[in-house]
Amino acid sequence: MTWVGFPVAIGVAVLVVPAGVRGLLDAGLVRVNYRGSRLAFPLGAVLATAALVALAPLAFLNDRADLELLAPELRRWMPYLLGVAFLGFLDDSLGRGEAADSPRGWRGHARALREGSLSTGAVKALGALALAAYVVSGRGLESWRYLADIALLILTTNLFNLLDLRPGRAEKCLGLLCVGLCLGAWTFAPLELLGIFAGPAMVGAAFTLRERAMLGDTGANLLGAVGGVWLLTTLGADARLVALALVGGLTIYGELRSISATIESVPPLRWLDSLGRAWTTASPEFRPQRTRS
């Protein structure tokens, strides 16, 4: 019955996410997106909260009523999922945002470190590395496979940060990854393991696609962590190496080139990327406002 966590999380998110978005707006927590719209930010904090709210009754019934509502392996991965979300929130809250001199990408953070400056992005990267090393340990892997799995988890988390440059893109990628893994392995194990996080992500997509909220690094990190854990727990040893090569290649490409420009240049990708966006249906308080030039 571990699949029950997914619909329960969706139900909880339907109640929590809209209220959370209103709460962000009421608190003045907004960020200007790529089109100049002022959106509630960071939605990722609301998604993590919705997952935790769903976890409470499921954990209680799982333990007190001897119901198999949560996958036992969830305990292993929870520190990484919540940890990278917190590190993303730290970056969202204390980072320099859109400042021109703000370090960007791994090369930018490495350059800042060489210059004696520890950016919030560098703190996020180092913290995520430590968390990944912790949760991947104890699985009886050979040393090089242990390091490869750490790299896969870290790079997948970072890749979703690179993807999260347009409304709903990261959520769509997570959904496609879930469908591919479930069909490829003919299993619902990914949703059974992390349904409490996938559910809120689906509900949150309704707000990001309509440009009512932004995931922020908090949400992009969380979705990337979910995707990374799915790859580690669903794929076999050799398949994980193939995934590492693909994710690594996409990461390098995203650091050196524009993923958005590439998507725009390929019609099928452009159609999929824009699917579900409805800019004209946004409510008045979310109408685009241009920043000063």
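Just so it is clear, the model here is predicted, and its values are computed rather than measured.

1. What about the overall build of the protein chain?
Here comes step 1: Helix and strand counts for the protein chain stand at 12 helices and 2 strands.
Here comes step 2: Scanning the protein chain from its N terminus toward the C terminus, one meets helices and strands in the order α-β-β-α-α-α-α-α-α-α-α-α-α-α.
Here comes step 3: Summarising the internal contacts of the protein chain: among those between residues at least 6 apart in sequence, 79% fall at separations of at least 24.
Here comes step 4: Within the structure as shown, the protein chain displays about 14,500 Å² of accessible surface, and the carbon and sulfur contribution to it stands at 65%.

2. Points about the confidence of the model for the protein chain
Do not read the predicted coordinates in detail wherever pLDDT is low.
Here comes step 1: Chain-level pLDDT for the protein chain is 89 on average; 87% of the residues reach the 70-or-more range.
Here comes step 2: Here helix α4 (residues 105-114) stands out as the element of the protein chain with the lowest mean pLDDT, 64, in contrast to helix α9 (residues 216-234), whose mean of 98 is the highest.
Here comes step 3: Contacts for the low-pLDDT stretch residues 280-293, under 50 throughout, to residues beyond four places or in other chains number 17 contacts.

3. Quick notes on a nonpolar patch on the surface
Here comes step 1: Taken together, Met1, Trp3, Phe60, Leu61 and Leu67 make up a surface patch of nonpolar side chains, about 530 Å² in accessible area.
Here comes step 2: Structurally, the position occupied by phenylalanine 60 is in helix α2 (residues 43-64).

4. Focus: the pattern of salt bridges
Here comes step 1: In total, this model carries 10 salt bridges according to the counting rule given.
Here comes step 2: Across the salt bridge formed by lysine 124 and aspartate 217, the nearest N and O atoms sit 2.9 Å from each other. Of this pair, lysine 124 sits in helix α5 (residues 120-136) while aspartate 217 sits in helix α9, placing them 93 residues apart in sequence.
Here comes step 3: Judged by relative accessible area, which is 14%, lysine 124 ranks as buried.
Here comes step 4: Here arginine 145 ties to aspartate 238 by a salt bridge, and the two come within 3.3 Å at their closest N and O atoms.

5. Notes on the packing of aromatic side chains
Here comes step 1: If you walk through the whole model with that rule in mind, you get 0 aromatic pairs.
Here comes step 2: If you follow arginine 166 out to its NZ or CZ, it ends over the ring of tyrosine 34, 4.1 Å from the centre.

6. A word on the environment of leucine 39
Here comes step 1: As for its placement among the helices and strands, leucine 39 is situated in strand β2 (residues 38-40).
Here comes step 2: We classify leucine 39 as buried; its relative accessible area is 2%.
Here comes step 3: Each C-alpha atom of the pair leucine 39 and valine 21 lies 9.2 Å from the other, and the pair is 18 residues apart in sequence.
Here comes step 4: Setting aside residues up to four positions removed in sequence, leucine 39 forms contacts with Leu29, Val30, Arg31, Asn33, Glu211, Arg212, Ala213 and Met214.

7. Quick look at α9
Here comes step 1: In this model, α9 (19 residues) spans 27 Å end to end at C-alpha, consistent with the 27 Å of a helix rising 1.5 Å per residue.
Here comes step 2: Within α9, 18 of the 19 residues are buried, which leaves it mostly tucked inside the rest of the structure.

8. Some remarks on the packing of α5 against helix α6 (residues 143-163)
Here comes step 1: The interhelical angle for the contact between α5 and α6, taken along N-to-C directions, is 140°, at an axis separation of 9 Å. Relative to α6, α5 is oriented oblique. The crossing of α5 and α6 is right-handed. For the pair α5 and α6, the contacting residues are Lys124, Ala128, Leu129, Ala132, Ala133, Val135 and Val136 in the first and Tyr146, Asp149, Ile150, Leu153, Ile154 and Asn161 in the second.
Here comes step 2: Taken together, the residues that form the contact of α5 with α6 break down as 10 nonpolar, 1 polar and 2 charged.

Analysis parameters
Residues numbered from 1 in each chain as written. Predicted model: local features only at pLDDT ≥ 70, side-chain atom pairs only at ≥ 80, totals over all residues. Heavy atoms only, no water. Helix = DSSP H or I, 4+ residues; strand = E, 2+ residues; numbered from the N terminus. Contact = heavy atoms within 4.5 Å. Areas by Shrake-Rupley, 256 points an atom, 1.4 Å probe, with all protein chains shown as cover. pLDDT = per-residue confidence, 0-100. Patch = residues over 30% accessible without salt bridge, like charges linked within 9 Å, V, L, I, M, F, W, Y side chains within 5 Å. Salt bridge = Lys/Arg side-chain N within 4 Å of Asp/Glu carboxyl O. Buried < 20%, exposed > 50% of the residue type's maximum accessible area, 1.4 Å probe, protein only. Phe/Tyr/Trp six-rings, centres within 6.5 Å; stacked < 30°, edge-to-face > 60°. Lys NZ or Arg CZ within 6 Å of the ring centre and 35° of its normal. Expected span 1.5 Å × (residues − 1). Axes fitted to C-alpha atoms, helices over the stretch in contact; angles between N-to-C directions. Parallel < 35°, antiparallel > 145°, perpendicular 65-115°, else oblique. Left-handed = near helix turned anticlockwise from the far one by under 90°. Nonpolar A, V, L, I, M, F, W, Y, C, P; charged D, E, K, R; others polar.

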